[in-house]
Amino acid sequence: MTDPNIALRLRNIHKHFGPVQSLRGVDLDVRVGEIHALVGENGAGKSTLAAIAYGELAADEGTVEAIGAVGLVHQHFELIGRLRVWENIILGREPRKGLRLDTQTARRSVAERASEYGLDLDVDAYVDTLPVGVQQRVELLRELERRPSVLLLDEPTAALAPDEIASFFRIVVALSTHGTAVLVVTHKLQEVLDYASRVTVLRHGSMIATKETAETSIGEIATMMIGGEIPALASRKAHDVLPCLHVTDLTAQVDDSTVSHLAMDVGSGEIVGIAGVEGNGQTAIADAILGLCDFDGSVTFAVKDPRIAAIPQDRLREAVVPGWSVCENMLLSRQHAAANAPRGWLNRTTMRQAAETVVRDFDVRPTNIDLPLRSLSGGNQQKIVVGRSLLDSPHFLLAYNPTRGIDVGAAALVQSRLIQARNDGIAILLISFDLDEILAVADRVLVLFRGEIRGTFTRATLDRARIGRLMAGGT
Amino acid sequence: MKHRLQLEPIIAIGIVLIIGSLTMLLAGVSPIDGFSALLFGAFGGRSEIGETLVQTTALLFPALGICLAFRSGLFNIGAEGQLIMGGLFAGALGANFNAPPIIAISAMLVAGMLGGGIWGAIAGWMKARFGASEVIATLMLNFVAGFVALALVNGPWKSPLASGAETAPLLPVAFLPSLLPGTRLSIAPLLAIGLAVVIFIVLQKTVFGFDLRAMGDAPEAARRSGVNIARLSIIALGLSGACAGLGGATIVGGMLHRFNTALSPGYGFTAIAVALVGELNPFWICVAALGFGALESGGLAMQASAQVPKDAIHVIEGAIILVLAARRYIVTKRTAAV
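Some thoughts on helix α4 (residues 79–94) of chain B
Item 1. Over its 16 residues, α4(B) extends 22 Å from the first C-alpha to the last, a length consistent with the 22 Å expected when each residue adds 1.5 Å.
Item 2. When you tally the buried positions in α4(B), you get 16 out of 16 residues, the bulk of the element.

Observations concerning the interface of chain A and chain B
Item 1. Counting residues at the interface gives 20 residues for chain A, matched by 15 residues for chain B.
Item 2. The dominant element in the side of chain A that touches chain B, judged by the number of residues it contributes, is helix α9 (residues 315–319) of chain A, at three residues.
Item 3. When grouped by side-chain class, the residues that make up the side of chain A that touches chain B number 12 nonpolar, six polar and two charged.

Considerations on the sheet that holds strand β3 (residues 35–39) of chain A
Residues and elements named next belong to chain A.
Item 1. Pairing is mixed in the open sheet, where six strands are placed in the order β5-β8-β9-β3-β10-β11. If you trace the sheet from one side to the other, it starts and ends with β5 (70–73) and β11 (206–212), each paired once. In this sheet, adjacent strand axes meet at a mean angle of 20° when their direction is disregarded.
Item 2. Pairing of strand β10 (residues 198–203) with β11, which is carried by six bridges, proceeds in the antiparallel orientation. Bridge pairing in β11 places Thr 200 opposite Thr 210.
Item 3. Sheet strands in contact with helix α4 (residues 132–144) are β5 and β8 (150–154), and its direction is about 165° off that of β5.

Points about the confidence of the model for chain B
Item 1. Of the residues in chain B, 96% reach a pLDDT of 70 or more, and the chain-wide mean stands at 91.
Item 2. For this predicted complex, the interface score ipTM comes out at 0.86, alongside a pTM of 0.83.

Notes on the sheet that holds strand β12 (residues 242–254) of chain A
Residues and elements named next belong to chain A.
Item 1. As summarised here, the arrangement of the three strands in space is β13-β12-β15, forming an open sheet in which the pairing is antiparallel. Two strands close off the open sheet at either side, each with one partner strand: β13 (257–268) and β15 (295–301). Neighbour-to-neighbour, the strand axes of this sheet turn through a mean angle of 10°, independent of strand direction.
Item 2. In terms of strand pairing, β12 meets β15 through six bridges, oriented antiparallel. Bridge pairing links His 246 to Thr 300 in β15.
Item 3. Strands β12, β13 and β15 of the sheet are contacted by helix α8 (residues 282–289), whose axis makes an angle of about 120° with β12.

Let's talk about the nonpolar core
Item 1. Counting 248 residues, the largest nonpolar core has Ile428(A), Leu430(A), Ala63(B), Leu64(B), Val274(B), Ile285(B) and Ala289(B) as the members making the most contacts within it.
Item 2. The contact partners of Ile285(B), leaving out residues within four places of it in the chain, are Ala63(B), Leu64(B), Cys67(B), Ala196(B), Val274(B), Ala275(B) and Gly278(B).

Some words on the environment of Phe295(A)
All names here are of chain A.
Item 1. Along the polypeptide, Phe 295 turns up in strand β15.
Item 2. Spatially, the C-alpha atoms of Phe 295 and Ile 285 are 9.6 Å apart, while their sequence positions differ by 10 residues.
Item 3. Discounting residues that sit within four places of it in the chain, Phe 295 has contacts with Leu 250, Thr 251, Ala 252 and Ala 288.

Looking at the environment of Pro243(A)
Residue and element names in this part refer to chain A.
Item 1. As for its placement among the helices and strands, Pro 243 is situated in strand β12.
Item 2. Placed 74 residues apart in sequence, Pro 243 and Arg 317 show a C-alpha to C-alpha distance of 32 Å.
Item 3. Residue contacts for Pro 243: discarding those within four places in its chain leaves Asp 265, Gly 267 and Ala 302.

Digging into the pairing of strand β1 (residues 6–17) of chain A
All names here are of chain A.
Item 1. Note: β1 against strand β2 (residues 20–31), eight bridges, orientation antiparallel. Bridge pairing links Lys 15 to Leu 23 in β2.
Item 2. Once β1 ends, the chain turns through two residues before running back antiparallel as β2, passing Gly 18 with a positive phi of about 55°.
Item 3. In terms of strand pairing, β1 meets strand β4 (residues 61–66) through five bridges, oriented antiparallel. Following the sheet pairing, Arg 11 is matched in β4 by Thr 63.

The rules behind each value
Residues numbered from 1 in each chain as written. Chains lettered and ligands numbered in written order. Predicted model: local features only at pLDDT ≥ 70, side-chain atom pairs only at ≥ 80, totals over all residues. Helix = DSSP H or I, 4+ residues; strand = E, 2+ residues; numbered from the N terminus. Expected span 1.5 Å × (residues − 1). Buried ≥ 20, exposed ≤ 12 C-beta atoms within 10 Å, placed from the backbone. Contact = placed C-beta atoms within 7 Å. Nonpolar A, V, L, I, M, F, W, Y, C, P; charged D, E, K, R; others polar. Pairing = 2+ DSSP bridges. Axes fitted to C-alpha atoms, helices over the stretch in contact; angles between N-to-C directions. pLDDT = per-residue confidence, 0-100. Core = buried A, V, L, I, M, F, W, Y, C linked by C-beta atoms within 7 Å.

Here's what the structure looks like:
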């Protein structure tokens, strides 16, 4: 490489999957010792670019040059929970003594490496007993074992609480000051400004710009990401809140998700947000309220025969039949209401009308309701799920990560529609792993940690820092 | 499911013909003689056509039942047992229930549906109650059905007049009317086509069918949309079994006029191939059943006139299934690559 200050150089990278052009002529330089952020909406090509830089994928065209080894920490951890920390780290490059594993050397070298990088780790702990933030460090240490001069981090903070995010970046900053070039793929723009020195924006596979973070703002980055202004959220109408959902002493378990003796109320015309890191009991709460699992305690509604709607969190598995048409999916979850299917017969006319309404009101594209749902983008699929949930004017709506994995424009539309539904008097329980979403949308915020409510806030008393601490189990 | 006219079907037929020809050459027969014997045996005259339709119908009932179960995500491979139980119930009732023909016939058909339906529902209940795999449960119940039938026709239900293992003959009021005089063909194919229409309407036009398809295509989404998966699994396997059972009843009422254990040479198993070749679509299943029915009846004629062993037919059937499976694999790969 000509310039010794450049650790990773990508030039004119093109990549397509079938007819879909994923990257078109992307150039990217990551300097020695810098933290470089790579941002863009879902589907902009960030992860593809990272995979090409790592060598996991081959580019159709263009060149990749790196000085030294390249390491990649995946968004989803690839650790073996039932092995100890040191066993996970040496996996695949075990030191041997004859035919046997040289346990002593392996364990000692991992411990030395951890302290060398200032990672606070108990190398003898079993991975599945560790909190997510610590697992992240294990994953990081595994890549550091290869002594990479370029480190790629793919959405490293997606599953971390705010406190854990800060301590994670302390480690990353320390690495970069020792000369490692770091490329962080993320969509959290505040982290970009807080920790990165430069940021590259991708949109629809094209490189829009590379900027010094000191000379840009969240607004400017977001505008470059979506190619326009972020639409403002709907405004919040002041009105009386009447009781709707009453939960007392709820104890439930769904797989690993548990809640114990939980109490809460959601009123008609308010959005109650449950803030919490993934895996603290959200799924148990959601399934208990929807009557999808056994539970102790009581879940009652103020109205008789309440109409309950839900936006499930795992869209493709829980919310839709991907191979069915948009039109048929629009009836799913509504098919047992007598008005939608009189005497058990499907009524194609009303089905189509409902589908056309949602497609128009939510600006779903393409507008052809006979296309299979899976041919739509994630954002458009989600608009259908959200629009469908509001079709029969429900009394209560449970929205579980309603904007996860969709682009900024679609997310803003969904959030606005939730606020409008609240203005119309619907009781909404919003469970989200995205604290910013909760803060933007909810009237009241409950902080969930290990299946218990650790704090309650109203819009008047919102305190982001304190919510962050409570989410991590602090006070 | 889309059906576009493409080169693929022609290539597929070509491959099947080549494999069939090779089999015939190995048997020492000219493929031209073999295939013409096959074709003539299947469609060459009134009695040949009648026999082809008999075989077609016997395959069509269980195949439609299998279609209903598979579309619901339930791999019912117990159509054979369900068909036997249907025939057994129909034979028992038809031998003893004296009434005007229309009532006697209806009662016998209902008995057949009940027999097959109970047999299917048992597997559904095992799945719903204990989480048993319906594949294993339905498969194993085939053997149970076979031995239950064997025990009954050799023991308590054995006809005192018969030398072999069979029940008493049906009362003539329960005989299904003939469709093509001079052949074994009863009105059963009309019932089967009616059943295909009913299944199509249920699947496409009713909420019940919507729930079944949702359960088959996305069980978790179906559960969250208010479908009671356990209950619907029992019902779906019950109805699936009832279709096969109805088939058993038409064989008893239309041809054998009594129940005996030679009721089915394995219709319930071949029907799985028929249902899959018909892409789980009632209309295409009718077409596929006609194809397999022609092979079954033509194969017998071919064996007699051209000295090609009937087993060559099974080679051709196998080739058809392989070719279609390969086509599906290719199509899936092609769409997955996009």
